[in-house]
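Spelled out from the first residue to the last, the chains are:
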Amino acid sequence: MSYAESGGTVSDPEHPKGDPTRPVTISYIAETAGVSIPTVSKVVNGRPGVAADTRARVEALISEYGYRKTNRKNVMELVFGELEDMWGMEIIRGVERVAREQRVGVVLTEFGPPQDSVGHPIGDMLARRPACVVTVAQLSQEQRDELQAKDIPFVVFDPTTELPDGVPYVGATNWAGGRSATRHLAQLGHRRIAMIAGPDRILGCRARLDGYRSALEVAGLSVDTDLVVRAELTTQGGRVAALDLLSGPERPTAIFACNDLQALGVYQAARELGLRIPADVSVVGFDDLPVAALVDPPLTTVHQPLNQMAAAATEMALALGRGERPQIGLELATTLTVRESTSSPADQ
């Protein structure tokens, strides 16, 4: 599905009527309407699940500010599989910032879950022929070949699988991030450090787990397979995994979660078990979503520069669209943000 129909786009380089200081962007429409970006998506694409008054409010704003004919040569496409609001918003902001500077409109497309897809979802995108594409959705080889056949340059954002040589991408230093999180816990004196790992099918999750193992080895600690639990990258996944880890007789004194949502699940599990963070268990996440600074206690986490990654991917895609030859493989550095969810173990 897409935020464009018949040559229109919600995100446009022009200013909204009545407010010359603000550009019309997808996030602007959502912010003005007081709703989430996925809600705007449902309204524009005629999907159910939106209250009638909300739908009317969003439709009025899109009609007034955000829907107009646009020169396709001056439009790029941002593609998600499923748009997660917290994580996706950082990416959208990075893309829109560069697109606005270069006066390029943005079409936001969400493929949706595979079971919801009708036909071949890339077909609509091929028909629109955007100047370039930044894809957070992980495209198949067939889909990449179709884009290349139509001479539509694309950049893969944060690839989850190994890409063939020559495929442009922007990612982050996941291995180094996993190592820095685990090293921080080891330096605090923790010896039983658990990890809630992500699905093995995701390249970044494997790299974070490898970084965890490397840091343990450097610290002279053995890798205890009983302290590694795999879970989906969700709050519920983190909660279930943490309950398993923290309910045993020799529970870990620290947990490194593969992302911030899992870490929030650890917070839930700790509360259920009557454990205090960080007095009874230290917690480290990964991503540094805005919510990480707002939870109690604020979460120590690996900062993944999603906004900057999205900006770099957009610059790369637009350069390819202009026929330039930029660097086509880029990994931005992760850094550890230390807050109040980690401390030395109680027995130290």
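How each quantity is defined
- Residues numbered from 1 in each chain as written.
- Predicted model: local features only at pLDDT ≥ 70, side-chain atom pairs only at ≥ 80, totals over all residues.
- Heavy atoms only, no water.
- Helix = DSSP H or I, 4+ residues; strand = E, 2+ residues; numbered from the N terminus.
- Buried < 20%, exposed > 50% of the residue type's maximum accessible area, 1.4 Å probe, protein only.
- Pairing = 2+ DSSP bridges.
- Axes fitted to C-alpha atoms, helices over the stretch in contact; angles between N-to-C directions.
- Phe/Tyr/Trp six-rings, centres within 6.5 Å; stacked < 30°, edge-to-face > 60°.
- Lys NZ or Arg CZ within 6 Å of the ring centre and 35° of its normal.

Peer 1: When you look at the overall build of the protein in this model, what are you seeing that I'm missing?
Peer 2: Within the protein, the secondary structure is distributed over 11 helices and 12 strands. When each of the 348 residues of the protein is scored for burial, the buried share is 55%.

Peer 1: Could you clarify how one ought to interpret the sheet that holds strand β2 (residues 105-110) in this entry?
Peer 2: Picture the strands of a sheet paired through backbone hydrogen bonds; they go either parallel or antiparallel. In space, the six strands of this open sheet follow the order β2-β1-β3-β4-β5-β11, with parallel pairing throughout. Every other strand in the sheet has two partners, leaving β2 and β11 (329-332) as the edge strands with one partner each. Strand-to-strand twist across the sheet, computed as the mean angle between neighbouring axes with direction ignored, equals 20 degrees. Here four bridges tie strand β5 (residues 169-172) to β11, and the two strands are oriented parallel to one another. Bridge assignment links V170 to a residue of β11, and that residue is L330.

Peer 1: Would you mind going over the packing of aromatic side chains with me for this structure?
Peer 2: The geometry of an aromatic ring pair is captured by the separation of the ring centres together with the interplanar angle, meaning the angle of the planes. Taken as a whole and assessed by the stated rule, the structure comprises one aromatic pair. Judged by centre distance (6.2 Å) and plane angle (75 degrees), the ring pair of W87 and F157 falls under edge-to-face. Taken together, the residues span a long stretch of sequence, with W87 in helix α4 (residues 85-101) and F157 in strand β4 (residues 154-157) at a distance of 70 residues. The ring of F286 has R208 lying over it, and the distance from NZ or CZ to the ring centre is 3.7 Å.

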